[in-house]
Amino acid sequence: MTAPTTTPAATAPTLSAAAAAPTSPAGTPPASDAPASPNALVDPALHADGDPFAVWRWMRAHAPVRRHEAGELPAFWSLTRHEDIRAVYRDPAVFSSARGVLLRPAALGDDPGGGTTLALTDPPRHKQLRGIVADWFTARSVRSLEEPMRAATRAILARAVEQGECDLVHDVAGRLSIYVIGHIMGVPEEDHESLFAWTDEAFAAGLSLASSPRLMGYFIDLMNRRTADPTDDLTSMLVCGLIDDEPLTEYEIVLNCENLVGATENGRLALAGGVQALLDHPDQLRRLRGDRSLMPSAIEEVLRWTSSATHSMRTATRPVDIHGRHVEAGDRVVLWVPSGNRDEAVFDDPDRFDITRTPNRHLAFGGGEHFCIGSTLARAQMRILYTELLDLDARIDRTGPAHPVHSIAVRGPETLPVRLTPR
Ligand code: HEM
């Protein structure tokens, strides 16, 4: 991993000497031959209506470590290769999460969740916090949730069939994701629809859930109820959990509730994005219909293909050289996950959607300490939804164009209008 360097960061690690890029270490390579300016990566329009994959392809080949100067967003470095993204995920000592894991306008300052929420803490505190909630996300817990998840999926699909035309993102994937996390958090069933409506409103507006006073008020109320009378749900675990023998503050509990529910936006986009991918590739849908043993590899391919988390950000804790580019302590480093998932150095024919692809070493769930805690749950939800959709033996017809989300943080369909007609 280490390579001799003559820069002032001579003692800092170099991420990978082996894959040295054909770039000039003295400066950013000319981007004039790029399909679109790499600067456009900070524009949601490129992700929604353009072709960010063409830009990332160019960057992987010519500028795998690229500096973006400050604008509305602070300056940052872009990483686009699979091996570099993976290496940064696995090195929390050098690449910290505590100052935020998503780009946000400089005018807004640091993320209020910094040092507080699971996603925004560093070791050793991160490990203790993760330990408090981890029980709900183990394979065993997810197995115990299978029946309630299947029942919820059937009810949601029955409602969608009855409706005739529905939006697969809103009416199916979104509702299912929130019902499941609501169940885990201890939200009573009669409140699931309200939880869904409030989160849906915030996601649709591209806002953080913390901006919804009704939602935050609900979490505060739930926390107070569990403080008075703890049960075995996730909110009770946060209320009763200890870090260094100290309970979490109310602020920490509420913000972690918000973070856990907010994280399910990825699940909703991947669930619906998978249906969209299958509808866009009818040959692959036919194969899956004909051979259900392909479900596990199909799910991994959906995860790779949809890559619903568009980027993760880290902040360098000390100077580090990456492919000859000098990253200073305090610099932000942005990992473009969908780019890593289409890296031709790792995936054969990466722009082909192939439900039989094996191996499939995608990075859709991140990596290292912060590897998605909901990954087993998300995979189970995908398996159940796709299985139930196929078992329904309904025709799935698109009734209008799908609209993509306008975001540089998440990707996938904002709406996917379909009609489910029983055969
Ligand atoms: C297919 C769906 C999903 C995808 C693609 C996804 C993706 C990711 C990614 C890339 C990360 C790492 C972020 C980083 O390191 O900066 C992450 C972390 C996380 N995810 Fe997911 N996620 C999904 C579903 C879920 C679900 C259903 C939950 C349920 C609660 C969830 C909860 C979390 C949490 C709490 C973290 C932070 C973990 C930590 O920092 O230790 N995710 N997810």
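(A) Spotlight on the sheet that holds strand β10 (residues 332–336). Reading across the sheet, the five strands line up as β1-β2-β10-β7-β3 and stay open at both edges, with mixed pairing between neighbours. Taken across any chain shown, the strands that pair with only one partner, and hence form the sheet edges, are β1 (65–68) and β3 (95–96). The pairing of β1 with strand β2 (residues 76–79) spans four bridges and is classified as antiparallel. When the sheet's bridge partners are listed, arginine 67 is paired in β2 with tryptophan 77. Sheet strands touched by helix α3 (residues 82–89): β2, β3, β7 (311–316) and β10. Its angle to β10, the strand with the most contacts, is close to 125 degrees.

(B) Layout of the side chain of threonine 264. Along the chain, the position of threonine 264 falls in helix α11 (residues 264–280). A residue is classified by how much of its surface remains accessible, and threonine 264, at 14% relative accessible area, is buried. Aside from chain neighbours lying at most four places away, what touches threonine 264 is Ser177, Ile178 and Ile181.

(C) Representation of the packing of helix α8 (residues 213–228) against helix α10 (residues 250–262) in the model. Relative orientation of the contacting elements α8 and α10 amounts to 120 degrees, with a least axis distance of 10 Å. Between α8 and α10, the crossing angle belongs to the class labelled oblique. Crossing hand, α8 versus α10: right-handed. On the side of α8, the interface is formed by Met216, Phe219, Ile220, Met223 and Asn224, while α10 contributes Glu250, Ile253, Val254, Leu255, Cys257, Glu258 and Val261. The residue makeup of the contact of α8 with α10, split by class, is nine nonpolar, one polar and two charged.

(D) Helix α15 (residues 375–391), seen in detail. Between its terminal C-alpha atoms α15 stretches 24 Å, which fits the 24 Å expected from 17 residues at 1.5 Å a residue. Every buried residue of α15 is accounted for by Ser375, Leu377, Ala378, Ala380, Gln381, Met382, Ile384, Leu385, Tyr386, Glu388, Leu389 and Leu390. Phi turns positive, to about 50 degrees, at aspartate 393, one or two residues after α15.

Reading the values: rules and limits
Residues numbered from 1 in each chain as written. Predicted model: local features only at pLDDT ≥ 70, side-chain atom pairs only at ≥ 80, totals over all residues. Heavy atoms only, no water. Pairing = 2+ DSSP bridges. Helix = DSSP H or I, 4+ residues; strand = E, 2+ residues; numbered from the N terminus. Contact = heavy atoms within 4.5 Å. Axes fitted to C-alpha atoms, helices over the stretch in contact; angles between N-to-C directions. Buried < 20%, exposed > 50% of the residue type's maximum accessible area, 1.4 Å probe, protein only. Parallel < 35°, antiparallel > 145°, perpendicular 65-115°, else oblique. Left-handed = near helix turned anticlockwise from the far one by under 90°. Nonpolar A, V, L, I, M, F, W, Y, C, P; charged D, E, K, R; others polar. Expected span 1.5 Å × (residues − 1).

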